[in-house]
Structures are given as structure tokens and as C-alpha cells.
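Residue-level structural notes
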Amino acid sequence: MPTGLETRTFLVQASRPGGGTTFRLREAQSRAALAGDLRREKLLLVKALALPAWVGRGSATLPVKDQVVLNEQLGHLLARGVPLVEALEVVTGTVTPASRPVIELMRQRVSAGSSFADACRSTGVFDDVTVAVYRAAERTGDLAGSAKQLAVTARRAMALRGGALTMLAYPLVTLAVCFLVAFVMIVFIVPTMVDSLLQSDGANIPWFTRAMAASGSFINDFLPFFLLGFFGLVTLLIISRKAIAAVALRAMRAAPLFGPVLLAQESARFFSTLAAMTRSGVPLADALGTANQAIGHPRLRSQMERLRTRLVEGGVLRVLIDQVDALPLATRRLLIAAERSGDLDAAFNSLASDMTDEVERRSARLMALLQPVLIIFMFTVVGSIILSLLIPMINSTGQIGGR
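Residues numbered from 1 in each chain as written. Predicted model: local features only at pLDDT ≥ 70, side-chain atom pairs only at ≥ 80, totals over all residues. Heavy atoms only, no water.

What follows concerns the overall build of the protein chain. When helices and strands are counted, the protein chain shows 16 helices and three strands. Dimensions of the protein chain along its principal axes, counting C-alpha atoms only, are 95 × 60 × 35 Å. Taken across its 403 residues, the protein chain has 40% of its residues classed as buried. Restricting the contact set of the protein chain to residue pairs at least 6 apart, pairs at least 24 apart contribute 60%. Summing over all exposed atoms, the protein chain offers an accessible surface of approximately 21400 Å²; the carbon and sulfur share of this is 63%. Averaging the positions of the 42 positive and the 30 negative side-chain charges in the protein chain gives two centres separated by 3 Å. (Helix = DSSP H or I, 4+ residues; strand = E, 2+ residues; numbered from the N terminus. Buried < 20%, exposed > 50% of the residue type's maximum accessible area, 1.4 Å probe, protein only. Contact = heavy atoms within 4.5 Å. Areas by Shrake-Rupley, 256 points an atom, 1.4 Å probe, with all protein chains shown as cover. Lys, Arg positive; Asp, Glu negative; His and termini not counted. Charge placed at Lys NZ, Arg CZ, Asp CG, Glu CD.)

Next up, the structure:
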């Protein structure tokens, strides 16, 4: 189904008012829309190159940071009696330039008589959870309160995403530097050193040093082809990044170190979604049906879907909660106590905050464990190359000294 707001990614060259040019990546529906966005930033479009669809997002999406701005502004302005159309006009000037066409389209459709939830859905940039919360909030007349709750949820999502990026970026950058150093040493340094040692009389070169030097010389002789293959592999990885990410997530969930962190992440996202939906008056069974889509952990999702099915069939919630052993025992006991007191909304919000903190704690512990492992790995890779050079140099020095 078309979203009505398909965008392309452009490589833009624009001129500044005071002279000079700037280059940047921007997303827009067309070159005309792109030129209009740049004019609002006091920039003049010079050239715009449309990039392949896989480079950008292919369709407009609203970054989490702009979701926070949107919901915080709506919460404050609507609570003070500002009309929705005027509130959206204010939001248009506060979000990032790439998101302004989305908010402007929403404002136009609300001004034309569309409901806010329908305007959000028509843009195609909001998930089902957000649209369901807005729709329920419009029915209850508390759009301002629901927007504030969604802002809290979006901030938690930013915290979770930041923790995940930190957890993944550190080992990836470390490994990339390690392999880059190893590549430079094998291709350019080891063959040169071995050639110098071979020219000395009686130099004793171990077989592994000769093998490493031969490999480096071979790569050096065909370096353009190796670089071409490398960039081809990188392009293939970028194109198939979604499939690779799915495989990596499955492997990480099974890993003893990464599994608990991912489970805490899934739980935080799940309870944040439930808190936002129940706060807007969505029935628990309907909220579970939508919130379960935010869970990627197979075991937790299967148990929560079974809970929802049995709840719809007339099951007792406190009994069903106790059967979800994918959640910690303390979490289940808290939910059972909240269900008895009729305060599930506050319990969901509290658990979402607690799980977000748990993700940060587990991520910190995981990083503390990864650091020595990565140091040992780097020493093994780079140190073996250094030793392959030191051993023949020591042997050569010993032979010279014994003459």
C-alpha cells in the first residue's frame, strides 16, 4: 500500500549565502521539495544526485529524536489549549529538516478534517503502536497526556538504541583496526623485512615467516583485484544488511553474554509499549496484540502471544502471568500484585524504566568483559606477526655474533 510520502536519498551540493559550497546527504520526495527544504535553511541547491534506494531508507521515516520532539511539543501545547493544527505548525519548525515534510503533511491533513491518527497513518512513517495510541487518545480526549507518554517511550528507545550501538561499535571498531594493522604489516612490512634478512648470509627464516611473506607478496602483486573484491564484499554486505542483522541477532540471543542483554532490551521495549497503550485507554488484550509485535525474542514472544490468546478466551490474568517464565520471577510477582490492585498502567511504566536501567547495567558489565578479550585477540593477531619478524632477526643476530 503506498504511503503517500515516498522519498529518495540525494547527494546534494548547495551554496551558502556568504559564499562557498557544502555537500550533504538529504532525503526528499523530489528535487523541487529538496530545493524548498534547502531554501528554508538559506541554502541554494546547485546539484542533486539521486542515490540508489539501498543507500537511503527508501521511504520517509521519523527518527526517534524527532518523535521525542513531536510528542513533547504536542503534550505541552495541547495541554495549554493550543489547537492541534497550530501545535503541528510549531513542531514543523523544531524537528530536523528531513522530517519537516512529514509534519507539514500531517498538519495539512488535520487541517482538511482528518483525524490525527489517520493523518499519522497516511504518512507511513509511524508504527502501528503509535497510531493505535493516538487513536485511543482521541477517543478518550487525552491526546496531550498520551503524547507525553509516547515522548517518554521514545526517550527510552533512544537510550536502548544508544546502548546497543555502543555495545556493538566498540568491538567492531577494535576488530577493524586490528585487521587493518595486520593487513598493512603482512602486505607491506613483512615481505620487505624478509627480503632484507634473506640478503644477509646464513639467515635462518622459519617456515611460518616465509609463508606470511609469500602471502603478503602475493596480495601486493594483485592488490587492485583484492581491493576490488573487498569493496564488492562491502557492497554485498550493505545490500544484504537486513538478512545479516537477523542472523546476527539469532546468534547473539543464543550467546551467554549477549542473550540477557537482548532479553532486557526486548522487555523494556515491550513494557514501554504497554505503558503507552494502556495509558491511552486501550484494552489490555488489544494492547498485548500490538505490543507483542515489538518483541523479537522468540521465547518471550511465544509466551506473551499464548498469554494474550488465553486471556481473550477468559483466562485469569494473574495465573497466565505466572506462566511466562521468560520474564524474571520478580517481574512476574510485580505484575501479579499490580493486577490485583488494578494499577497495571503504573507497573508497566515502572518496569519499562527498570528494564532500561538493567540494559545499561548489563551492557556496562558486558563491555568490561569484552575489553580484555579483545586485547588478547589483538595481541594474538598482531603479536604473531611481530614474532614472525623478531625470531629470524634474533637468529640472524646470533649467527653474526657467533662468527
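Right, let's get into the confidence of the model for the protein chain. Here the protein chain shows a mean pLDDT of 82. Residues at 70 or above account for 92%. Per-element mean pLDDT across the protein chain ranges from 75 in strand β2 (residues 21–28) up to 92 in helix α3 (residues 84–92). Segment residues 1–5 is flagged for pLDDT under 50; beyond a separation of four residues in sequence, or across chains, it makes twelve contacts in the model. (pLDDT = per-residue confidence, 0-100.)

Here the largest pocket is characterised by a volume of approximately 1300 Å³. Forming the walls of the largest pocket are 39 residues, and the residues nearest its centre are V64, A157, L160, R161 and R269. Contributing elements (two or more residues each) for the lining of the largest pocket: α2 (64–79), α6 (128–140), α7 (143–199), α10 (241–254) and α11 (259–279). Per element, the largest residue contribution to the lining of the largest pocket is twelve residues, and it comes from α7. Class assignment for the residues of the lining of the largest pocket results in 21 nonpolar, eleven polar and seven charged. (1 Å grid on protein atoms, 1.4 Å probe; cavity = no way out; pocket = protein on both sides within 12 Å on 5 of 7 lines; lining within 4 Å. Points joined across faces, edges and corners; volume = space filled by probe spheres on them. Nonpolar A, V, L, I, M, F, W, Y, C, P; charged D, E, K, R; others polar.)

On to α11, then. If you check α11, its first and last C-alpha atoms are 30 Å apart, about what 21 residues at 1.5 Å a residue would give, namely 30 Å. Looking one or two places after α11, you find G281, whose phi comes out positive at around 85 degrees. (Expected span 1.5 Å × (residues − 1).)

Locating H297 in the fold gives a position in the loop between α12 (284–291) and α13 (298–312). Here H297 falls in the buried class, since its relative accessible area comes to 12%. With residues up to four places along the chain from it excluded, the contact list for H297 reads R253, L263 and E266.

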